[in-house]
Amino acid sequence: MASDATLNSFSLEGKGALVLGAEHPVGRAAAVTLAEAGAKLILASREPGTDAQLKETAKAVQAAGIKPILRVQNAAIRADLSATADFAAKQLGRLDIVVNALDTPWYGPAESADDSAFEKVIDNNFKTVWMACQEAARVMLRQGGGTIVNLTSVLAQRGVPHASLYCAAKAAVLNLTRALAMEWARQGIRVNALETGWLDEPASPANADEEFRKTLLKYLPSNRLIAPEDLSGALLYLVSSASGFVTGESIVVDDALMCRV
Amino acid sequence: MILDALKLDDRVAIITGAGRGLGRAMAVRFAEAGADIVAAARTLSQLEETAAIVLKTGRKCLIVPTDVTNSQAVNDLAAAAINEFGKIDILVNNAGGGDDSRGKPITEITDAEWRRGLDTNLTSQFYAARAVIPQMVKQSRGKIINLASGYGLRGGKHNYMYACSKGGVIQLTRSLALTYALNNIQTNCIVPGIFPHNEEMMRFFKGGKFVPLGRTGEDAELGPLAIFLASDAADHINGELVAIDGGGLAGGILPTGAIPNLPA
């Protein structure tokens with residue numbers, strides 16, 4: 001019944017996409033979404049030594065009918081990101097879409113965090129995204145455009161105790177997104193963000209402590225956590241031509257949490 | 001499968017202001033995505049034109065001439081939708097108006113201008129939400145999409161009523177979202193940037209020269225966003241504003257195109 005141009009604008013048929021951080025649950029769900037919409041895929045890891053997890057993602061993607069190319073790399077190393085961007089452009093013909101699912105949670109009291117914590121949290125959550133955007137843009141500017149989506153969190157907008165550096169890094173990603181959107185607007189690169197509410201995944205603090213989880217669930221407007229798959233629609237909207245007039249925007253997927261804060 | 005989640009097959013969508021412009025564009029897009037349409041607006045002849053286009057998609061279109069500033073008329077609209085289709089899946093609060101008082105110094109704005117503006121832009125959305133919520137609660141399912149504006153977030157010189165009414169729309173959205181989160185009713189806002197509807201507006205906005213993307217929006221571009229927010233693909237987006245403005249709200253600290261010339 002439904003087969004019109006508007007729905008077709010969400011299709012990624014013929015598009016080339018790179019997902020960074022594809023070995024983790026959010027990157028995995030993103031990869032499956034892009035595959036379901038028909039994109040050709042390169043799946044790259046955040047960290048080395050993640051071959052097994054990346055293969056898990058590949059299996060999920062293949063179930064959606066796309067055979068991805070895997071690339072184990074370290075998103076904290078410039079040379080790796082640069083080589084991955086070039087590799088993706090070459091393999092895909094065109095690098096239309098880059099999804100940065102680069103996230104390393106950190107929690108701890110601020111007064112006792114040492115300098116290595118600062119470097120670790122800011123490097124893994126912010127510097128990786130910054131470098132990935134630069135390397136993506138280097139390819140996209142050459143080919144005349146593309147679209148980048150940076151995954152971040154509602155912690156970008158509000159404070160959480162014992163998450164100071166993490167909140168700061170997430171805010172950095174959010175406003176980096178806006179600044180790069182302004183910078184590349186006339187060169188055909190759209191840059192947008194996705195902010196997630198409290199995620200239901202193994203690395204989430206919501207799953208670290210039963211007591212905290214109970215308190216949190218009671219507080220959340222829908223009494224539920226956000227599953228990585230819940231991000232699919234917003235991600236597809238932002239990476240596809242359906243959102244051609246949208247840049248520097250962030251879509252919050254949080255079941256109304258930000259309405260009460 | 002994500003592309004299937006975007007379809008609106010057999011949903012019933014009330015769209016206000018459906019007689020022209022964005023409202024008509026959304027009615028047609030929704031019908032193409034599989035929805036039956038309840039088209040509301042003041043002018044019957046315009047609704048008939050919208051219906052003629054909707055019917056070509058193979059979907060149904062009920063037309064209900066409605067003054068959205070009249071609460072009884074808005075209640076009747078919801079009742080007509082339920083009577084015809086037995087349910088209301090989607091409400092698009094699109095009807096709204098410009099500002100008779102815009103550009104006037106605050107001392108010259110009349111009580112009537114202020115009230116008429118708020119009635120048209122804000123109270124109308126409250127009336128429509130109030131009219132459909134009982135049915136959506138009964139269904140344990142519903143989507144409300146409110147049209148706001150960048151002026152709901154930023155101020156404008158000599159621009160009081162419009163900024164206040166659209167700011168109110170955003171707060172109405174958030175409170176509905178929170179209140180009915182557990183009833184599986186999602187309420188969100190579309191924040192359109194510059195979508196000119198005639199040559200004069202196009203000239204006024206200089207073809208979108210001041211928009212970061214370098215152009216104005218086209219009505220057809222609202223379709224995918226409205227469909228996405230009305231669909232299952234947006235089930236966990238609630239109380240959110242989505243700007244479709246060519247980057248307008250992400251910048252604005254400098255005039256578009258200006259780049260600080262500082263030593264590196």
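Parameters at a glance
Residues numbered from 1 in each chain as written. Chains lettered and ligands numbered in written order. Predicted model: local features only at pLDDT ≥ 70, side-chain atom pairs only at ≥ 80, totals over all residues. Helix = DSSP H or I, 4+ residues; strand = E, 2+ residues; numbered from the N terminus. Rg over C-alpha atoms; globule rule 2.2 N^0.38 Å. Buried ≥ 20, exposed ≤ 12 C-beta atoms within 10 Å, placed from the backbone. Contact = placed C-beta atoms within 7 Å. Pairing = 2+ DSSP bridges. Axes fitted to C-alpha atoms, helices over the stretch in contact; angles between N-to-C directions. pLDDT = per-residue confidence, 0-100. Nonpolar A, V, L, I, M, F, W, Y, C, P; charged D, E, K, R; others polar. Parallel < 35°, antiparallel > 145°, perpendicular 65-115°, else oblique. Left-handed = near helix turned anticlockwise from the far one by under 90°. Right-handed = clockwise from strand over helix to strand, strands pointing away. Core = buried A, V, L, I, M, F, W, Y, C linked by C-beta atoms within 7 Å. Expected span 1.5 Å × (residues − 1).

What follows covers the overall build of chain B. Within chain B, the secondary structure is distributed over eight helices and seven strands. For 264 residues, the compact-globule estimate of 2.2 N^0.38 gives 18 Å, and chain B sits close to it at 19 Å. Taken along the three principal axes of its C-alpha coordinates, chain B extends 65 × 50 × 35 Å. Counting the 264 residues in chain B, one finds 53% classified as buried. The contacts of chain B with a sequence gap of at least 6 include a subset with a gap of at least 24, amounting to 71%.

So, about the sheet that holds strand 7 (residues 250–253) of chain A. All names here are of chain A. Overall, parallel pairing links the seven strands, which are arranged 3-2-1-4-5-6-7 in an open sheet. Looking at which strands have only one partner, the edges of the open sheet turn out to be strand 3 (69–71) and strand 7. The sheet shows a mean angle of 15 degrees between the axes of neighbouring strands, taken without regard to direction. Seen against the sheet, helix 2 (residues 25–36) touches strand 1 (16–20), strand 2 (40–44), strand 4 (97–100) and strand 5 (146–153) and runs at an angle of roughly 170 degrees to strand 1.

Predicted coordinates in regions of low pLDDT should not be interpreted in detail. This prediction gives chain B a mean pLDDT of 95; 100% of its residues lie at or above 70. Taken together, the chains of this predicted complex give a pTM of 0.96 and an interface ipTM of 0.95.

What follows covers the sheet that holds strand 1 (residues 12–16) of chain B. Residues and elements named next belong to chain B. Sheet architecture is open: seven strands sit in the order 3-2-1-4-5-6-7, paired in parallel fashion. Here the strands that pair on one side only, and so sit at the sheet edges, are strand 3 (61–65) and strand 7 (241–244). For this sheet, the mean inter-axis angle between neighbouring strands, taken without regard to orientation, is 15 degrees. Direction of pairing for strand 5 (residues 142–147) relative to strand 6 (residues 185–192): parallel, over a ladder of six bridges. Following the sheet pairing, Asn146 is matched in strand 6 by Cys189. Sheet contacts for helix 6 (residues 161–179): strand 5, strand 6 and strand 7; angle to strand 6, the most-contacted strand, approximately 160 degrees.

We now examine the interface of chain B and chain A. Note: interface size is frequently given as the accessible area lost on complex formation between the parts. Counting residues at the interface gives 39 residues for chain B, matched by 41 residues for chain A. Put simply, the parts of the chain that give the side of chain B that touches chain A at least two residues each are helix 1 (2–5), helix 2 (21–32), helix 6, helix 8 (219–230) and strand 7 of chain B. Here the side of chain B that touches chain A takes five residues from helix 8 of chain B, the largest share from any one element. For the side of chain B that touches chain A, a count of residues per class yields 22 nonpolar, ten polar and seven charged.

Working note: a packed helix pair is described by the angle between its axes plus the distance between those axes. Residues and elements named next belong to chain A. Where helix 2 contacts helix 3 (residues 51–63), the axes come no closer than 9 Å and their chain directions differ by 25 degrees. As far as their axial angle goes, helix 3 and helix 2 are roughly parallel. Where helix 2 crosses over helix 3, the two elements pack in a sense that is right-handed. Between helix 2 and helix 3, the contacting residues are Arg28, Ala31, Val32 and Ala35 on the first element and Thr57, Ala60 and Val61 on the second. Residue classes in the contact of helix 2 with helix 3 are distributed as five nonpolar, one polar and one charged.

All right, on to the pairing of strand 5 of chain A then. All names here are of chain A. Counting buried positions over the eight residues of strand 5 gives eight, a clear majority of the element. Side-chain alternation along strand 5 places Gly146, Ile148, Asn150 and Thr152 on one buried face and Thr147, Val149, Leu151 and Ser153 on a second face that is also buried. Taking the sense of rotation as the criterion, the β-α-β connection linking strand 4, helix 5 (residues 115–143) and strand 5 turns out right-handed. The parallel pair strand 5 and strand 6 (residues 189–196) is bridged by helix 6 (residues 164–184), and the resulting crossover is right-handed.

Turning to the environment of A:Ile148, a few remarks are in order. Here A:Ile148 is to be found in strand 5. Sequence spacing of A:Ile148 and A:Arg190 is 42 residues, and the spatial spacing of their C-alpha atoms is 6.2 Å.

This part is about the nonpolar core. With 170 residues, the main nonpolar core has A:Val19, A:Leu34, B:Ile14 and B:Ala39 as its most contacted residues. A per-element tally of this core places helix 5 of chain A first, with ten residues. Setting aside chain neighbours within four positions, we find A:Leu34 in contact with A:Leu12, A:Ala17, A:Val19, A:Ala39, A:Leu41, A:Ile97 and A:Val239.

It is worth spelling out helix 2 of chain B at this point. A rise of 1.5 Å per residue sets the reference length of helix 2 of chain B, with its twelve residues, at 16 Å; its end C-alpha atoms lie 17 Å apart and thus fit the reference within 8%. When you tally the buried positions in helix 2 of chain B, you get eleven out of twelve residues, the bulk of the element. Every buried residue of helix 2 of chain B is listed here: B:Leu22, B:Gly23, B:Arg24, B:Ala25, B:Met26, B:Ala27, B:Val28, B:Arg29, B:Phe30, B:Ala31 and B:Glu32. Among the structural elements, helix 1 (5–8) of chain A together with strand 1, strand 2 (36–41), helix 3 (44–56), strand 4 (90–93) and helix 8 of chain B are those in contact with the buried residues of helix 2 of chain B. One or two positions beyond helix 2 of chain B, positive phi appears at B:Gly34, with a value near 115 degrees.

All names here are of chain B. Of the two faces of strand 7, the one lined by Leu241 and Ala243 and the one lined by Val242 and Ile244 are each fully buried. Here strand 6 runs beside strand 7; their pairing, made up of four bridges, is parallel. By the bridge assignment for strand 7, Val191 is matched with Ala243.

In this section: the packing of helix 2 of chain B against helix 3 of chain B. Residue and element names in this part refer to chain B. Between helix 2 and helix 3, the shortest axis-to-axis distance is 9 Å and the interhelical angle comes to 20 degrees. The pairing of helix 2 with helix 3 is recorded here as roughly parallel in orientation. In the packing of helix 2 onto helix 3, the handedness of the crossing is right-handed. For the pair formed by helix 2 and helix 3, the contact residues are Arg24, Ala27, Val28 and Ala31 on the first element and Thr50, Ile53 and Val54 on the second. In the contact of helix 2 with helix 3, the residues fall into five nonpolar, one polar and one charged.

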